[in-house]
Each structure stands twice: as C-alpha cells, then as structure tokens.
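# A structural walkthrough
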Amino acid sequence: VQLVESGGGLVQPGGSLRLSCVASGFTFSSYEMSWYRQAPGKGRELVAAITSAGGSADYADSMKGRFTISRDNAKNTVYLQMNSLKPEDTAVYFCRALRSISHITYWGTGTLVTVSS
C-alpha cells in the first residue's frame, strides 16, 4: 500500500498550489480520502475530506472557499487545490485513506507547503 503526495513547495501569500496524492495497493474507489496538515509545533488537523465516489466533500472552516478537494478514481488520485494561500497555511500536508466499515486507514508521508514572501 502506498500513498504518495506531491505538489508542495514555496509559494507567496495569495498564491495557489495543487497537491496530488496517488494511491496504490488497495481499492481506491472504496475509500474515503482526506487531506490533513501539520504545522510546525502543532498537531495534525483535518483540511478536507471527500467520499469514496466523490459525491460529497467537507472542509475545515478556515479552508472553506479557498481549498477544493477532488478525486479521480480512474487515476487513483485525490487532489487538493489551494487558493489564496496564507502564511498560516504553511504545513506538511498528508493524504489519508479511510474505509469506515473496516476501520482501515492508510497515510501518506506528506508534502511540505511553505507560504512566505
């Protein structure tokens, strides 16, 4: 099983980034997918989640209107489009796969997003 995030980097405040997470080794379309983040010195927090078929998404309040989660089950990939980035969005971003019925969870290793001028 692998979850490999990419797309992080250094961006100026107000800029945009698109993160990707490619999954392998499990039935991607059966799993709810989420993005979490962990800022320096802080705990991991939920950013956004999307249902297995992609029909419904939910966001943390501070990300609503700025971030969009989406998925392509044919490509085993989940995305996070981040717009209007702020310095406080600086964190390592992780993707997570969850199959609720069996409580199976997989995590990626993360990609670093730095928002700074």
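Quick note: structure is the one above.
Residues numbered from 1 in each chain as written. Predicted model: local features only at pLDDT ≥ 70, side-chain atom pairs only at ≥ 80, totals over all residues. Heavy atoms only, no water.

## A word on the sheet that holds strand S8 (residues 77-82)
We count it as follows: A pair of strands is labelled paired if DSSP reports no fewer than 2 bridges between them. Working definition: helices are DSSP H or I runs of at least four residues, strands are E runs of at least two. Numbering for both runs from the N terminus. Helix axes are fitted to C-alpha atoms over the stretch in contact, other axes to C-alpha atoms as well, and angles between N-to-C directions run from 0 to 180 degrees.
Spatial strand order, S1-S3-S8-S7: four strands in an open sheet with antiparallel pairing. Because the sheet does not close on itself, it has two edges, and the strands there are strand S1 (2-6) and strand S7 (67-72). Taken over all neighbouring pairs, the strand axes of this sheet differ in orientation by 15 degrees on average, direction set aside. Bridging between S7 and S8 involves six bridges; their strand directions are antiparallel. Bridge assignment links Thr68 to a residue of S8, and that residue is Gln81.

## A short note on the state of the cysteines
By definition, a disulfide links the sulfur atoms of two cysteines through a covalent bond. Here is the rule: Our working definition of a disulfide is a cysteine sulfur pair at a distance within 2.5 Å. Buried residues are those whose accessible area, probed at 1.4 Å on protein chains only, stays under 20% of the maximum for their type, while exposed residues exceed 50% and partly exposed ones sit between those limits.
Applying the stated rule across the entire model yields one disulfide. Cys21 shares a disulfide with Cys95; S-S distance 1.9 Å. Handedness here is read from the sign of the S-S torsion; for Cys21 and Cys95, about 40 degrees, the answer is right-handed. Remark: Cys95 occurs in strand S9 (residues 91-99) and Cys21 occurs in strand S3 (residues 17-24); sequence separation between them is 74 residues. For Cys21, a relative accessible area of 0% corresponds to the buried category.

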